[in-house]
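Here's the letter readout for the chains.
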Amino acid sequence: MLSILKGPKFDQILQKARDNWIEFMPTKEEVVTAGIDSSFNNTKFQGIELWATTAVSVKSNGEILVDLHKSGLGSADDISSVASKMEIEACEKTVDEVDMVLMDGSLHSQLMTRQANLGSTIVRIMKKKDNVVFIAKTSNTKKQFEKLGSLAGDIFYYNHVTNNPGFSKIFVEKKYGSDKIISSTFVRLSDSTPIIKLEFLGDHHDESEIKSIMNKLYKTSVGGYPYALKLAHNNCKISDKELAKMVSLLGLSNEIGSREVLG
Amino acid sequence: MSLGFVIGESKPTFVTAITSRALSVGEYIKISSDEGEILGLVERSAVSSAAFTDVKNFDEASESTEIAELNKRDKTFTAHIGILGFLENLRRGQSIIPAIPPIPGTEITLPTKQDLEEIFSPKKEGWVSIGNLLRNKSIDAKVNLDKIVSRHLGILAMTGMGKSNLVSLVTKQISKLKGTVIIFDYHNDYTSLNIPRINVIDAKINPRLLDSEQLSDVLEIRESATVQQRVLRMAFTENVKKSSEFWKKLESEVDFIINSDDNKLKEIRSSAYRVQDIVEDAQRRFEDILDPDMGDPISFIKEGCANVLNISELSEKQANVALAFYLQQLLKDRKDASIAQHGKTKRERNFKFNSPVFVIIEEAHVFIPKDHDTSAKYWAAKIAREGRKFGLGLGIVSQRPRSVDLNVLSQMGSFAIMKIIQEDDQRQIASATESTSRELISQLTSLNVGDAVLVGQWSNLPSLVHVEEVKEKIMGADQSAINAWAKADKMKGIAVESTQGLVQKDLLLD
């Protein structure tokens, strides 16, 4: 099974990944970071849709900087776009408050797939203080080894070649336009922890900056993942139970047939 | 100062609260409500940490410790609180549970010292201090002695957790009030109890006062030896009981069976020989215990004193017989006294005890066992049921509640329960003490020596207390084997040395 995944040029890819990998043991550096995440949920309700979105910005010390909520009844064609917009709003309110803003997810996906129409806004905000980093726990991109016929995502090969802390050489993608250049690197903060992907705007980022960012992330990370992002994720979950509460708050639970929502 | 808020689903008897600090199990809290202030007892307390959720390995745990310090919101303190009633009513000794559960969001606070003192340290007659509240050390924990004499008391704990200390303390307090206590001391734990008004008696049995079955037990005739028991039944006549030479008369009755020409008696001759041996043997072996010439055993018990009846010299069966005898006599005496005192007939009678008596049975699982009947159990059960009416209180003490008869145990109106680990024991306690919450029982494993859960009528509320140590109690503590061995070895050395020195060399043979 694994042999299929490896493909014919597996060893070559691994060698390339090894060549790209820079071992670096981060040291803890004091910094104020905030993590940003969003969440959405919806439920069909007698032909109408009840939806709710939330976005939160929270510091590593648990202080919540921004807490945004939106909800409505009707057909929300794309609640994920509402959530993304709120995430960007939270980011805008946070960039001036902290040293480093950690966005949950992928910049690539933000700019190119999910919310292309929000691209200019996010570019503006990220450029403001140049302190926004996108961090993804999982990544499907197959950019770096595609010429060698890679079958798995780039992250798979980096995970395969090393267990030590370090980062991959910065990969710059310019094909989305000069104002939307994305620099990315795969990073492992401590021994045997999962690799995470960091994405920055622009092509001016160098290895010393990555090292500095790793030092800053390392200070408040658990299991190789920034605690601020974990807090953000925990703080912005909208569970079915919470939707049920909203149904009650809106007085909808008295309507006939509403029990399915609470189910 | 706000301590936290009620969250989740409230019930009239139970709420959950999120608090600003971890609350201790056994701590009292106050919940404000429109109907009045409510007192609650923390029955379970939990702390969780966001930083440590989903931690999978040592490294993550180590990293999380630093993170957790940064985040003041990291810890969640949850307390499960049993509602005890309105504070105002509790001050008057009434537990009134609110009809409406506290509304989530209601603030909880700490009760004041005065709030707790009014409930746990009432300045009323009959209330005596036995220690302090475990989580509020400045508050005296008082109990109502009237209630234990009228409604009985169970003291249950593993061995070494402070049962005999509490027995000593209760005894001391009753003795101070010139009350009458009788402790059946099976392990010679209380004979050296150094308190005023103490009366130590070596329990003896007057064989004349027994029936043949009891005498058979006392003489240690085996249960399966039915023919020997028959011989004894035949020999133990009314004449024997009345004879001034009890043993001689009994022996002559047995001799009569041995020497009889009656064919029926010939058949049991060999058993009669055995009984003869047993009777002879018993006179020698139990010389100090079986005394046909002693007066009424009850007459040795002094009213207004702490009476320690040392039954440690008796075998289990003998102790059982003795206990049954004493209990029977005590119940009879108190019954007669009460009837004479309250009844319409004013017959002249002699009573030993004119005031209530509190009887304490140690090792209750031996004398009041769950799985078989004993005569002591019969009388203890009778006292548990009827004693209340006649001012005869029963205190039962056991380290194996699971082996104590549940009928008797559930008659106990009050309990002091100390550390208990065995789940069977905990289940038995839960069955016997309906009012005790299961949450509180689950805390029994975590109690330290001297800590006790008090429930029942002798306290205004279920409470976790630390029982004061009775300095006057000399025996009962764990013995140090190391010290004893060292002392024994030293004595051996001294003995060798001294005898060597005493030997006159010139008298030694070559």
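Residues numbered from 1 in each chain as written. Chains lettered and ligands numbered in written order. Predicted model: local features only at pLDDT ≥ 70, side-chain atom pairs only at ≥ 80, totals over all residues. Heavy atoms only, no water.

Named according to an unreviewed UniProt entry, chain B is Helicase HerA central domain-containing protein originating from Nitrosopumilus cobalaminigenes. UniProt, in the comment section headed Sequence similarities (unreviewed entry), describes chain B in these words: "Belongs to the HerA family." (UniProt positions renumbered as here; feature names shortened; annotations may be inferred.)

**Describing the overall build of chain A**
Across its full length, chain A holds ten helices and twelve strands. Out of the 263 residues belonging to chain A, those deemed buried represent 54%. For chain A, contacts bridging at least 24 residues in sequence account for 69% of all contacts bridging at least 6. Working note: accessible area of chain A is about 12400 Å², and carbon and sulfur atoms make up 49% of it. (Helix = DSSP H or I, 4+ residues; strand = E, 2+ residues; numbered from the N terminus. Buried < 20%, exposed > 50% of the residue type's maximum accessible area, 1.4 Å probe, protein only. Contact = heavy atoms within 4.5 Å. Areas by Shrake-Rupley, 256 points an atom, 1.4 Å probe, with all protein chains shown as cover.)

**Structural notes on the sheet that holds strand β15 (residues 414–417) of chain B**
Residue and element names in this part refer to chain B. As summarised here, the arrangement of the eleven strands in space is β8-β7-β17-β16-β15-β9-β14-β13-β10-β12-β11, forming an open sheet in which the pairing is mixed. At either margin of the open sheet sits one strand with a lone partner, and together these are β8 (140–144) and β11 (198–202). Strand-to-strand, the axes of this sheet are offset by a mean angle of 30°, without reference to chain direction. Inspection of the sheet shows strand β10 (residues 180–185) paired to strand β12 (residues 306–310) by five bridges, in the parallel sense. What sits directly across from aspartate 185, in β12, is asparagine 310. This element, helix α5 (residues 163–176), spans β7 (127–133), β9 (153–156), β10, β12, β13 (357–361), β14 (392–398), β15 and β17 (463–467) of the sheet and lies at about 155° to β10. (Pairing = 2+ DSSP bridges. Axes fitted to C-alpha atoms, helices over the stretch in contact; angles between N-to-C directions.)

**Here's the deal with the interface of chain B and chain A**
Across the boundary between the two partners, chain B contributes 13 residues, which contact 15 residues of chain A. Around 1100 Å² of area is buried between chain B and chain A when both sides are counted, 50% of it from carbon and sulfur atoms. Looking only at chain B, the three residues that lose the most surface to chain A are B:Glu63, B:Ile67 and B:Leu70, adding up to 43% of its buried area. A salt bridge links B:Glu66 to A:Lys28; the nearest nitrogen and oxygen atoms lie 2.6 Å apart. Summed over the shared surface of chain B and chain A, the number is five residue pairs in polar contact (both at pLDDT 80 or more). Per-class residue counts for the side of chain B that touches chain A are four nonpolar, three polar and six charged. (Buried area = accessible area lost by both parts, 1.4 Å probe. Salt bridge = Lys/Arg side-chain N within 4 Å of Asp/Glu carboxyl O. Polar contact = N/O pair within 3.5 Å; in protein donor to acceptor, adjacent residues only side chain to side chain. Nonpolar A, V, L, I, M, F, W, Y, C, P; charged D, E, K, R; others polar.)

**Here's the deal with the confidence of the model for chain B**
All names here are of chain B. On average, residues of chain B score 86 in pLDDT, and 92% of them reach the 70 mark or higher. No element of chain B has a lower mean pLDDT than helix α18 (residues 481–502), at 62, and none a higher one than strand β6 (residues 107–109), at 96. Scored as a complex, the prediction yields pTM 0.69 and ipTM 0.72. (pLDDT = per-residue confidence, 0-100.)

**Let's talk about the pattern of salt bridges**
Residues and elements named next belong to chain B. In total, this model carries 33 salt bridges over all chains according to the counting rule given. The partner of arginine 92 in a salt bridge is glutamate 88, and the shortest N-O contact between them spans 3.7 Å. On the basis of relative accessible area, glutamate 88 is assigned to the partly exposed category, the value being 44%. Of the charged contacts in the structure, one is a salt bridge between aspartate 281 and arginine 285, with a shortest N-O distance of 3.3 Å.

**Examining unusual backbone geometry**
All names here are of chain B. A positive phi angle, close to 65°, is found at aspartate 54, a residue other than glycine. Positive phi values are uncommon outside glycine, yet histidine 152 reaches one of about 75°. Counting through the fold element by element, histidine 152 comes out in the loop between α4 (145–151) and β9. Using a relative accessible area of 2% as the deciding quantity, one classes histidine 152 as buried.

**A closer look at the packing of aromatic side chains**
Here the structure, examined in full by the defined rule, presents 14 aromatic pairs over all chains. A ring pair is formed by A:Phe156 and A:Tyr157, whose centres lie 5.2 Å apart and whose planes are at 90°; its orientation type is edge-to-face. A relative accessible area of 0% places A:Tyr157 in the buried class. A ring pair is formed by B:Tyr28 and B:Phe120, whose centres lie 4.6 Å apart and whose planes are at 45°; its orientation type is tilted. Of this pair, B:Tyr28 sits in strand β3 (residues 28–31) while B:Phe120 is found in helix α3 (residues 113–120), placing the two residues 92 residues apart along the sequence. (Phe/Tyr/Trp six-rings, centres within 6.5 Å; stacked < 30°, edge-to-face > 60°.)

**Some thoughts on helix α1 (residues 58–70) of chain B**
Along an α-helix, a turn takes 3.6 residues, which lines up residues three or four apart on a common side. With 13 residues, α1(B) extends 19 Å between its outermost C-alpha atoms, agreeing within 8% with the 18 Å of an ideal straight helix rising 1.5 Å per residue. All of the buried residues in α1(B) are B:Glu60, B:Glu63, B:Ser64, B:Ile67 and B:Ala68. Contact partners of the buried residues in α1(B): α7 (207–219), β11 (221–222) and α8 (227–235) of chain A together with β5 (75–86) of chain B. (Expected span 1.5 Å × (residues − 1).)

**Overview of the sheet that holds β5(B)**
Residue and element names in this part refer to chain B. Spatial ordering of the closed barrel is given by β1-β2-β5-β4-β3-β6, a layout of six strands whose pairing is antiparallel. Each neighbouring strand pair of the sheet contributes to a mean axis angle of 40°, computed without reference to strand direction. With five bridges joining them, strand β1 (residues 2–11) and strand β2 (residues 14–19) adopt antiparallel strand pairing. Its bridge partner being in β2, lysine 11 is matched across the sheet by phenylalanine 14.

**Describing empty space enclosed by the protein**
All names here are of chain A. Across all of its chains, the model carries four cavities of 30 Å³ or more by this definition. What lines the largest cavity is simply His108, Thr141, Lys143, Gln144, Asp154, Phe171, Glu173, Ile182, Ser184, Phe186, Lys197 and Glu199. Mapped by element, the contributors of at least two residues to the lining of the largest cavity are β8 (171–173), β9 (182–188) and β10 (196–201). Ranked by residue count, the leading element in the lining of the largest cavity is β9, at three residues. Grouping the amino acids of the lining of the largest cavity by side-chain chemistry returns three nonpolar, four polar and five charged. (1 Å grid on protein atoms, 1.4 Å probe; cavity = no way out; pocket = protein on both sides within 12 Å on 5 of 7 lines; lining within 4 Å. Points joined across faces, edges and corners; volume = space filled by probe spheres on them.)

**Focus on the side chain of A:Asn131**
All names here are of chain A. Along the chain, asparagine 131 turns up in the loop between α5 (119–129) and β6 (132–136). Looking at asparagine 131, its side chain comes within polar contact range of the main-chain oxygen of valine 98, at 3.4 Å. Once residues lying within four places of it in the same chain are set aside, the contact partners of asparagine 131 are Val95, Val98, Asp99, Met100, Val101 and Met126.

**A look at the packing of helix α12 (residues 316–342) of chain B against helix α14 (residues 375–390) of chain B**
All names here are of chain B. Where α12 meets α14, the axes come as close as 9 Å, and the angle between the chain directions of the two elements is 20°. On the basis of their axis angle, the class for α12 and α14 is roughly parallel. In this structure, α12 meets α14 at a crossing whose hand is left-handed. Residues Asn320, Leu323, Ala324, Leu327, Gln328, Leu331, Arg334, Lys335 and Ser338 of α12 touch α14, and the partners they reach there are Ser375, Ala376, Trp379, Ala380, Lys382, Ile383, Glu386, Lys389 and Phe390. Residue composition of the contact of α12 with α14, grouped by class: nine nonpolar, four polar and five charged. (Parallel < 35°, antiparallel > 145°, perpendicular 65-115°, else oblique. Left-handed = near helix turned anticlockwise from the far one by under 90°.)

**A closer look at the environment of A:Ser139**
All names here are of chain A. Among the structural elements, serine 139 can be located in the loop between β6 and α6 (154–161). The residues touching serine 139, leaving out its near neighbours within four places in the chain, are Ile155, Phe186 and Lys197. At 3.0 Å, the side chain of serine 139 and the side chain of threonine 141 are in polar contact.

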